[in-house]
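Coordinates in review
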Amino acid sequence: MASASGSYCGVCEAQDVVKAAAFWCPECNEGICTSCEKHHRASRGTRKHEVTSMDDYKQIPPIIASINQYCPEHDKKYQLYCSQHEQLCCPLCITTNHKKCDLLAIDEIVKTSRNSALFEIMEQNLKEMKNNIDRIVEDRRQNLEIIKQQRQGFQTDIKEMRAKINIHLDKLEQEIQQDLQAAEQKVMSQINRFVQKVSDHEKTIDELQNNIAATKRFATDLQTFFGGKMFEAKIQEEEKFMTSLIEDSGLQQIHLQCKLDNKMSDILSMTKIGEISVTTKPSTISMTTDREKQAQKRIPTISKTINDINLTLLKQFEISKEENRIGITGCTIMPSGKIIFVDQSNDRLVIHNDNGLFCCAIPVSNYPIDVTCIDENTVAVTHNAEPYHIEIINIVNKKIVNQIKTSNQCYGITNEKGRLLYYEVGRGIQTADVNSGSTVTTVVKVDGVHYWNYVTTSNDRIYHTIDQSNTVTCYTITGQKVWEYKDESILKSVRGVAVDNDSNVYVVSYEHNSIVVLSPDGKHARRLLTNENGIQPPYGIYFDKGRNILMVTNLYGPASLYEVK
């Protein structure tokens, strides 16, 4: 229809009246004039439509504005979303192509799309890529400066040598100078072409940033949700380009070499002063996109299945006691190998070295629950006593460096590339920036009141245990469910969760007094440790991927380190 362009009121146009549109209704897919907008807002059938001004609508990127509310094949309104095929579905789509798919109600999933962690992640990735480009351009500029300095140094050497002999060197000097200039021009041209190539991608990233910002501000929830998928694909293309810069020779250090002839003293026998050549050295640039899945694709490995896994006890040690009986509810292993335990019963962190020897204890606020490593000197601790908050603690000077306020009790916590992911009662899995904590976003909404939930991340996946429902759920990093495992004969009263280098998932079954490992697809399970192995009831679990070691703790007893073979 003509009004689809947004120039005219679709209602008036249907009555053969041409009137400029002042508003746009994405559900009606037409423009509305000021007069018709009042009726549109008052009518029972359209009063809940999300209308936007034409000025705002024109700010939406065309690719986002083209997302329709209705299925083009069946002319029915989209009502569900298929996470398996990543498609919007109308009622007829379900009966034809998605009978066996897991479907989600659109009204529910689009509620948080505008504030979804997906956009935060995409914007962070774009910011990292821009930083990479800035660093690459600066690195190439410095390389040009090095080449210039090298050229100047070699010119000085050449002129000093020439000064020691006579006019016979004039011709040879001219030849070597020409070679040197030609080599410099060649590498300068090569580097400048490379810089231009990288700068062109910066323009693409700028456009993506502008489109994402406009989408978040002006697009409808549906457009925002589905547009995010489009932006993510484009961003992944740019990430592949950034990764390719490392793999090809574009970032190699380029140097000029000038080797002077050893026979310079015998000037009459010389035919040239020296040789000019270009050498390369490995790049000093390291990309900050740091997606583990990219690295894993480049380095083939032989994955262990859950049937191949065996645990060998390395050591078992007692945790330092206190006046009250200890209650270990969380743990983490630092890059240095130090082990940090949360002693909830005594409101403290207990630190042991990698040999299991006691180092020190650090008092914390009331009722600590779980801990995660931020860096070698800093950890984050969740608490379950009012005022509810997460403490950022420097374990060197034993001081609180920051606090992140929460609305309710928090349990499991993990650190995902500078972003804290934690479970908050009544809200679900939340994310907050490690440094500021000012922007808190819901990644996975979990209805109802659940306690003793734990979370961890690995390879852009989130793993979540719910004690009351005896389930382990895997999500994408943006909160889409991938799989869920539940079998009370194997898992009951689940607690800690950890993931190894092959994406096998280790879970504590507290009531069964055992450790269970799940396959990466969540379809198979196997008990690894049970009470027959002589272990005390396990509670927490942590996987040290660098050393291939599994840490198992129990609430009141010792901690155990197992080597995974």
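All figures in this text were calculated on a predicted structure; none of them were measured in a lab.

What follows concerns the overall build of the protein chain. For the protein chain, the count of helices and strands is ten helices and 32 strands. Against the compact-globule benchmark of 24 Å for 565 residues, the protein chain has a radius of gyration of 31 Å, which places it well outside the compact range. Taken along its principal axes, the extent of the C-alpha atoms in the protein chain is 95 × 85 × 45 Å. Classification of the 565 residues of the protein chain by burial places 50% in the buried group. Considering only intrachain contacts with a sequence separation of at least 6, the fraction spanning at least 24 residues in the protein chain is 51%. Accessible area of the protein chain: about 28000 Å², with a carbon and sulfur share of 47%. Put simply, the protein chain has 65 plus and 72 minus side-chain charges, and the middle of one group is 1 Å from the middle of the other.

On to helix α9 (residues 221-247), then. The end-to-end C-alpha separation of α9 is 39 Å, in line with the 39 Å expected for 27 residues at 1.5 Å each. Considering bend angle alone, the principal kink of α9 is centred on Gly-227 and spans about 25°.

It is worth spelling out the state of the cysteines at this point. By definition, a disulfide links two cysteine residues through a covalent bond between their sulfur atoms. In the structure shown here, the tally under the stated rule is zero disulfides. Residue Cys-373 stays outside any disulfide, its sulfur separated by 12 Å from that of Cys-331, the closest cysteine.

Taking the numbering used here, the UniProt-annotated feature "domain: B box-type" (unreviewed entry) corresponds to residues 11-54. Across residues 11-54, helical content stands at 32% and strand content at 18%; the span's end C-alpha atoms are separated by 15 Å.

Another point: the UniProt feature "repeat: NHL" (unreviewed entry) in the protein chain. Per the UniProt record, "repeat: NHL" (unreviewed entry) is annotated on residues 491-521. Between the C-alpha atoms that bound residues 491-521 there is a distance of 17 Å. The span itself is 0% helix and 52% strand.

Read across the open sheet, the four strands follow the order β10-β11-β12-β13; overall the sheet is antiparallel. With one partner strand each, in any of the chains shown, β10 (328-333) and β13 (358-363) form the two edges of the open sheet. The mean inter-strand angle of the sheet, taken between neighbouring strand axes irrespective of direction, is 20°. The pairing of strand β12 (residues 348-352) with β13 spans five bridges and is classified as antiparallel.

What follows concerns the pairing of strand β19 (residues 419-424). Within β19, six of the six residues are buried, which leaves it mostly tucked inside the rest of the structure. Burial of the side chains of β19 extends over both faces: Arg-419, Leu-421 and Tyr-423 are buried on one face and Leu-420, Tyr-422 and Glu-424 on the other. Bridge count for β19 against strand β20 (residues 428-433) is six bridges, and the pairing is antiparallel. Residue Leu-420 lies in a different strand from β20, and its bridge partner there is Ala-432. Counting the residues between successive antiparallel strands, the hairpin from β19 to β20 contains three residues, one of them, Gly-426, with a positive phi of roughly 85°.

On to the pairing of strand β25 (residues 481-485), then. Bridging between strand β24 (residues 471-476) and β25 involves four bridges; their strand directions are antiparallel. When the sheet's bridge partners are listed, Val-472 is paired in β25 with Tyr-485. The hairpin turn running from β24 into β25, its antiparallel successor, is four residues long, and Gly-479 in that turn takes a positive phi close to 100°.

Quick notes on the rules
- Residues numbered from 1 in each chain as written.
- Predicted model: local features only at pLDDT ≥ 70, side-chain atom pairs only at ≥ 80, totals over all residues.
- Heavy atoms only, no water.
- Helix = DSSP H or I, 4+ residues; strand = E, 2+ residues; numbered from the N terminus.
- Rg over C-alpha atoms; globule rule 2.2 N^0.38 Å.
- Buried < 20%, exposed > 50% of the residue type's maximum accessible area, 1.4 Å probe, protein only.
- Contact = heavy atoms within 4.5 Å.
- Areas by Shrake-Rupley, 256 points an atom, 1.4 Å probe, with all protein chains shown as cover.
- Lys, Arg positive; Asp, Glu negative; His and termini not counted.
- Charge placed at Lys NZ, Arg CZ, Asp CG, Glu CD.
- Expected span 1.5 Å × (residues − 1).
- Bend = angle between axes of the 7 residues up to and from the residue.
- Disulfide = S-S within 2.5 Å.
- UniProt positions renumbered as here; feature names shortened; annotations may be inferred.
- Pairing = 2+ DSSP bridges.
- Axes fitted to C-alpha atoms, helices over the stretch in contact; angles between N-to-C directions.

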